[in-house]
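Here's the letter readout for the chains.
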Amino acid sequence: MKEQIEKIMAELSELKCQTEKEVEEARVRFLGKKGEITALFDEFRTIAPDLKREFGQRLNSLKKEAQTRIDALKASAKSTTVSADSAGDVTMPGDPYELGSRHPVSIAREEIVSIFRKFGYDVAEGPEIEDDYHVFEALNFPPNHPARDMQDTFFVSVGHPNPLLLRTHTSSVQVRTMEKMQPPIRVVCPGRVFRNEAISARAHCIFHQVEGLYIDENVTFADLKQAILLFAREMFGADTQIRMRPSYFPFTEPSAEVDVSCNICKGKGCNICKGTGWLEILGCGMVDPNVLEASGIDSKKYSGFAFGMGVERIAMLKWQVNDLRHYFENDMRFLSEFSSAVNV
Ligand code: DAH
């Protein structure tokens, strides 16, 4: 028996297999029900009791060795099979990468911007970390206006006469544009804004706005109304109606808020428009002469209008999304619904 064990040991160390099939044959030959090692175990039952301990150990280590060897051969046969296969068909197409889709906020922002581009507006951008002057003071906010309150604004530096802060609206880009350019000015200013708000279905501390500014000689409220009406029809459909309600903003006089007719119930009243038939989309007005003068534009010669809208809000109305938080959670089930939305 000793010789047989040694012989099998030697054979195992010499054993070579190319394919998985050959490995399986070797396994059956040594370890199968009628295999050589199994046969030695049968024989083991008949040997003298005083030799059992020694041969038991030898047999066990032989079996272990055989199993290890066969496992190793199996692993290498598998990897050679794979590489042989893939080398064999070099014409196989690769695995396609799954393409992502554009974010609905990007789609809406670009749609808004491209509508105004068609009307002849340029695009202007400004910094997200702004100073108090450009966000508030140059826009005619009285010194104690509540929007300067710590509750609304994230301040970056305090105790400075012109503290740095995260801009709370993109109206600051109006100011920067007027500082750099003389009329005629026609710009839209898309960007991210920040407010110290509790996050809910209707509010978020980070969101996006598009600001608009039009300054020239003899610009009137009628021009403003026409620009907003054309925009609303491009964005929400040709049969869209608008209505303007008087409002207040420090930087415009007169000021208005604009509603569009509900594109879901066509003005009849539904739960999206809360039964009113109207949805609020933006704030606007004629630029206050104080604002023009503060940035070096002659308010006797020029007049203009401005407007500002929330991109998430426009996107919510356009695609009937009922919770603002969806836009920030990166849930693929939500985002992939926009993979077929195309831009104008
Ligand atoms: N800045 C305003 C806001 O964030 C929106 C706005 C209203 C912008 C009226 C304007 C405007 O330019 O004329 O709520």
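Now for a description of the structure that goes with this document. (Residues numbered from 1 in each chain as written. Predicted model: local features only at pLDDT ≥ 70, side-chain atom pairs only at ≥ 80, totals over all residues. Heavy atoms only, no water.)

1. Side note on the overall build of the protein
Put simply, the test is: Each helix is a run of DSSP H or I of at least 4 residues and each strand a run of E of at least 2, with the numbering of both proceeding from the N terminus. Our radius of gyration is a C-alpha quantity, and the globule rule it is checked against amounts to 2.2 Å times the number of residues to the power 0.38. Only protein chains enter the accessibility calculation, which uses a 1.4 Å probe; a residue is then buried when its area is under 20% of its type maximum, exposed when over 50%, and partly exposed in between. Areas reported here follow the Shrake-Rupley algorithm with a probe of radius 1.4 Å; residue values treat only the protein chains shown as occluding. Residues scored as charged are limited to Lys and Arg (positive) and Asp and Glu (negative), so that His and the chain ends carry no count. Each charge is placed at NZ for Lys, CZ for Arg, CG for Asp and CD for Glu.
When helices and strands are tallied, the protein shows 11 helices and nine strands. Relative to its length of 344 residues, the protein is extended, with a C-alpha radius of gyration of 38 Å against a globular reference of 20 Å. The C-alpha extent of the protein, read off along each of the three principal axes, is 120 × 50 × 40 Å. For the protein, the residues scored as buried account for 40% of the 344 residues in total. If you sum the accessible surface of the protein, you get close to 19,300 Å²; carbon and sulfur atoms cover 52% of it. For the protein, the distance from the average position of its 42 positive side-chain charges to the average position of its 50 negative side-chain charges is 6 Å.

2. Focus: helix H10 (residues 311-319)
We apply this condition: Residue contacts are defined here by distance: any two heavy atoms, one from each residue, within 4.5 Å place the two residues in contact.
Val-311, Glu-312, Ile-314, Ala-315, Met-316 and Leu-317 are the residues of H10 that are buried. Next to the buried residues of H10 lie helix H5 (104-118), strand S5 (206-216), helix H8 (221-236), strand S8 (278-287) and strand S9 (303-310). Of the residues trailing H10, Gln-320 is marked for its positive phi of about 50 degrees.

3. Some words on the site of the ligand
What counts is decided by this rule: Throughout this document, a residue counts as near a molecule or strand when at least one of its heavy atoms sits within 4 Å of that molecule or strand. Side-chain atoms alone can form a polar contact between residues adjacent in sequence; in general such a contact is a pair of N or O atoms within 3.5 Å, and within protein one must be able to donate a hydrogen while the other accepts it. Each residue is assigned to one class: nonpolar for Ala, Val, Leu, Ile, Met, Phe, Trp, Tyr, Cys and Pro, charged for Asp, Glu, Lys and Arg, and polar for all the others, Gly among them.
Around the ligand, the structure places 15 residues, and the nearest of them are His-169, Ser-171, Arg-195, Gln-209 and Glu-211. Side-chain polar atom of Gln-209 to an oxygen atom of the ligand: 2.9 Å apart, as the coordinates give it. Take Phe-307: an N or O atom from its main chain is 3.4 Å from an oxygen atom of the ligand. Mapped by element, the contributors of at least two residues to the shell around the ligand are helix H7 (171-180), S5, S8 and S9. Considering only residue class, the shell around the ligand consists of five nonpolar, eight polar and two charged.

4. Looking at the sheet that holds strand S1 (residues 122-123)
Strands belonging to one sheet form pairs held by backbone hydrogen bonds; the direction of such a pair is parallel or antiparallel. What counts here: In short, DSSP must find at least two bridges between two strands for them to pair. An axis is simply a line fitted to the C-alpha atoms; with a helix, the fit covers only the stretch in contact. Between two such axes, the angle follows the N-to-C directions and lies from 0 to 180 degrees.
The sheet built from seven strands is open, its strands ordered S1-S4-S5-S9-S8-S7-S6 with mixed pairing. Looking along the sheet, the strands with just one partner apiece sit at the ends: S1 and strand S6 (242-249). Here strand S7 (residues 252-261) pairs with S8 via eight bridges, running antiparallel. Bridge assignment links Glu-257 to a residue of S8, and that residue is Gly-283. Lying over the sheet, H5 contacts S1, strand S4 (185-194), S5 and S9, oriented at roughly 165 degrees with respect to S4. Against the sheet, H7 engages S4, S5 and S9, with an angle of about 35 degrees to S5.

5. Focus on the packing of H5 against H10
The condition is simple: In what follows, roughly perpendicular refers to angles from 65 to 115 degrees, roughly parallel to angles under 35, roughly antiparallel to angles over 145, and oblique to any angle outside these ranges.
The contact between H5 and H10 brings their axes to 9 Å, and the two run at 100 degrees. As far as their axial angle goes, H10 and H5 are roughly perpendicular. Residues Pro-104, Val-105, Ile-107, Ala-108, Arg-109, Glu-111 and Ile-112 of H5 pack against Val-311, Glu-312, Ile-314, Ala-315, Lys-318 and Trp-319 of H10. Partitioning the contact of H5 with H10 into residue classes produces nine nonpolar, no polar and four charged.

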